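Next come the chains, spelled out residue by residue.
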Amino acid sequence: MDQSTYARPTLSLQQATDLVEQLYGMRVTKMTNLPSYLDQNFRLEGKDGKRYVLKIMNVEDSKNSSLLEMQTLAMSFLKQHGLPAQTVIPTTTGKLMSMEEIDCGHGVQTYCVRLMNYIAGKTIAETPVTQKDLYEVGKLAATVDKTLQTMDSPNIEVLQKGDSVWSLSNIPLLEEYLSVMEDDPLKDVVQAVIDKFKTDVQPKLNFFRKGVIHGDLRHHNIIVKPDDSGNNEVSGILDFSLLMNGCFVYELAISIAYFMLENPSPLDAGGALVAGWESIMHLNQEEKDSLFLLVLGRLCQSLVLGRYNAQKYPDNKYLLKTTKGGTELLTKLMEMGKEEVQQKWFAPERGVKAN
């Protein structure tokens, strides 16, 4: 899908406040902005002291109500199975989401609006992490995806998002966006990853096991709170906007890519995540062989698409969040090569170190 079709909502705090009071009959006493990629998020507090998150989806995603319903279902399904997903709050008329016509300053457009409970804590991106924390994140990612396989719905086919530019199956689509990398030496690195993906990963795609995956279990989408042992306990799983029918190994690769970004020992971080994942769901040989390039592929997607969208929305600093660290990490991993990196990730002692 051409990302130029996206229109990011830019509601004012007053517009967001009025929307909550109108749809949910709630008196808002405090409203603040939260970071988001192409949607718009707000944290708010009601007169009763309870806190919530208001999510306004971008115009393009708001068009697919069946997909949004599946995202909402996935949240409630995981919550019912003991996993800390958010709870969607119904409107005064009982709707779990509402399609609203809003003018953000560039004409009236239709946006999907949802209100969810606020989960206290910090994103794990804001928190020093231990190897044990990373092991538990890997375990959590596999558990989330394993649990989602038992979710059933007549609309589940909408998760077959084969054309999504964010799917790791579609690394070659990045070539359409490489013009944003002109005069940047990183462009050659990205092209090299794309070429290696075509020759080394694409022939193995049919061997990857598939199912419904969260699709974006990055460090900004996991909320934690400290426990008594000096580690972190996961208290929330956020953002189901990339929920899709995809390959399980993609979920692991995505988590590794983002958790390595700001870790002082990135290779150890990757090893702990792999160990945690494999405590729930073992990788087959083709998945193991491809993991290195899948991680590089996600870093390339984040860097290229982040830069592309930042040109469209220059006020949104969140879009370039991974630029500096991502560039350094991608370059370092390419220099080290697959054999050295995966030897660390799959070392027999990696699970021992994480516990």
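Residues numbered from 1 in each chain as written. Predicted model: local features only at pLDDT ≥ 70, side-chain atom pairs only at ≥ 80, totals over all residues. Heavy atoms only, no water.

Description of unusual backbone geometry
So the rule is basically this: Helix and strand definitions follow DSSP, with helices as H or I runs of at least four residues and strands as E runs of at least two, each counted in order from the N terminus.
The phi dihedral of D183 falls on the positive side, at around 65°, and the residue is not glycine. Position of D183 among the secondary structure elements: in the loop between α4 (131-148) and α5 (186-201). In this structure, D239 takes a positive phi of about 60° despite not being glycine. Note that D239 resides in the loop between β10 (232-237) and β11 (244-247).

A look at the side chain of N232
For clarity, the threshold we go by: Relative accessibility under 20% of the residue-type maximum defines a buried residue, over 50% an exposed one, and the middle range a partly exposed one, all with a 1.4 Å probe and only protein chains included. For this analysis, a polar contact is any N or O atom pair within 3.5 Å, provided that within protein one partner can donate a hydrogen and the other can accept it, and provided that sequence-adjacent residues contribute only side-chain to side-chain pairs. Whether two residues are in contact is decided by their heavy atoms, any of which lying within 4.5 Å being enough.
With respect to the helices and strands, the residue N232 is situated in strand β10. Note on N232: relative accessible area 14%, which makes it buried. A polar contact is formed between the side chain of N232 and the backbone oxygen of P128, at a distance of 3.3 Å. If we skip the residues at most four places from it in the chain, N232 touches T127, P128, V129, D133, V224, K225, P226 and D227.

Some remarks on the sheet that holds β10
To be explicit about the condition: By the convention used here, strands pair only if DSSP detects at least 2 bridges between them. Under this scheme, a helix contributes an axis fitted over its contacting stretch, all axes are lines through C-alpha atoms, and angles between N-to-C directions fall in the 0 to 180 degree range.
The strand order across the open sheet built from 3 strands is β7-β9-β10, with neighbouring strands paired in antiparallel fashion. In this open sheet, the two edge strands, each paired with only one partner strand, are β7 (122-123) and β10. Two elements, β7 and strand β9 (residues 222-226), share 2 bridges in a ladder whose sense is antiparallel. For K122, the partnering residue across the bridge sits in β9 and is V224. Lying over the sheet, α4 contacts β9 and β10, oriented at roughly 30° with respect to β10.

A look at the packing of helix α8 (residues 285-312) against helix α10 (residues 338-345)
Our working definition: Note on terminology: angles under 35 degrees are roughly parallel, angles over 145 are roughly antiparallel, angles of 65 to 115 are roughly perpendicular, and the others are oblique. Two helices cross in a left-handed way if the nearer one is turned anticlockwise from the farther one by less than a right angle. They cross in a right-handed way if the turn is clockwise. Polar here means any residue other than Ala, Val, Leu, Ile, Met, Phe, Trp, Tyr, Cys and Pro, which are nonpolar, and Asp, Glu, Lys and Arg, which are charged; Gly is therefore polar.
Contact pair α8 / α10: the axes reach a minimum separation of 10 Å and the direction vectors enclose 110°. Compared by their axis directions, α8 and α10 come out roughly perpendicular. At the point where α8 passes α10, the crossing takes the right-handed sense. In this structure, α8 uses K288, D289, S290, L291, F292 and V295 to contact α10, whose residues at the interface are K338, V341, Q342 and W345. The residue inventory of the contact of α8 with α10, partitioned by class, reads 5 nonpolar, 2 polar and 3 charged.

What to know about the packing of helix α6 (residues 248-261) against helix α7 (residues 266-278)
Where α6 meets α7, the axes come as close as 9 Å, and the angle between the chain directions of the two elements is 150°. Viewed along their axes, α6 and α7 adopt a mutual orientation that is roughly antiparallel. The hand of the α6/α7 crossing is right-handed. Every residue of α7 that contacts α6 at F248, E251, L252, S255, I256, F259 and M260 is listed here: P266, L267, A269, G270, L273, V274 and W277. Split by residue class, the contact of α6 with α7 holds 11 nonpolar, 2 polar and 1 charged.

With respect to the pattern of salt bridges
Put simply, the rule is: Between Lys or Arg on one side and Asp or Glu on the other, a salt bridge is scored when a side-chain nitrogen of the former is within 4 Å of a carboxyl oxygen of the latter.
For the structure shown, the criterion picks out 9 salt bridges. Close ionic contact of D200 with K196 constitutes a salt bridge, the shortest N to O distance being 2.9 Å. Placement of both D200 and K196 in helix α5 is noted, with a separation of 4 residues, approximately one turn of the helix. Assessed through its relative accessible area of 41%, K196 is described here as partly exposed. Of the charged contacts in the structure, one is a salt bridge between R218 and D216, with a shortest N-O distance of 3.1 Å. Here R218 matches D216 in class, with each residue buried.

Some details on the nonpolar core
For clarity, the threshold we go by: As used in this record, nonpolar core signifies buried Ala, Val, Leu, Ile, Met, Phe, Trp, Tyr and Cys residues forming a set joined through side-chain atoms within 4.5 Å.
By size, the foremost hydrophobic cluster in this structure holds 88 residues, and its most contacted members are L291, L330 and W345. Residue contacts for L291: discarding those within four places in its chain leaves V249, L252, A253, I256, V274, L283, Q342, W345 and F346. Membership of the second largest hydrophobic core comes to 21 residues, among which are L23, V28, L44 and L115.

Notes on the environment of L273
Relative to the assigned elements, L273 resides in helix α7. The buried category is assigned to L273, whose relative accessible area is 0%. Placed 23 residues apart in sequence, L273 and Y250 show a C-alpha to C-alpha distance of 13 Å. Apart from residues lying up to four places away in sequence, L273 is in contact with L134, V137, G138, L252, S255, I256 and F259.

Examining the pairing of β9
As judged from the 5 bridges shared by β9 and β10, these two strands associate in the antiparallel manner. Paired with V224 across the bridge in β10 is V234. Following β9, the chain reverses through 5 residues before pairing antiparallel with β10; G230 in that reversal takes a positive phi of roughly 90°.

A short note on the UniProt feature "domain: Aminoglycoside phosphotransferase" (unreviewed entry) in the protein chain
Under the convention used in this document: UniProt positions are given in the numbering used here, feature names are shortened, and annotations may be inferred rather than shown by experiment.
Under the feature "domain: Aminoglycoside phosphotransferase" (unreviewed entry), the UniProt entry names residues 37-272. Taken end to end, residues 37-272 has its terminal C-alpha atoms 27 Å apart, with 32% of it in helix and 22% in strand.

Thoughts on the domain arrangement of the protein chain
Threshold: How far each domain reaches was decided by an automatic or database domain assignment. Summed over both partners, the accessible surface that disappears when two parts come together, traced with a 1.4 Å probe, is what is meant by buried area.
Under the domain assignment, the protein chain is made up of domain 1 (3-117) and domain 2 (122-346). Across the contact, 27 residues belong to domain 1 and 36 residues belong to domain 2. Both sides of the domain 1 and domain 2 interface together cover about 2600 Å² of buried area, and 68% of this is carbon and sulfur. Put simply, domain 1 and domain 2 have 0 salt bridges between them. Our enumeration of links across domain 1 and domain 2 arrives at 2 residue pairs in polar contact (both at pLDDT 80 or more). Of all the elements, helix α3 (residues 65-80) adds the most residues to the side of domain 1 that touches domain 2, at 10 residues. Of the residues in the side of domain 1 that touches domain 2, the class split is 16 nonpolar, 7 polar and 4 charged.

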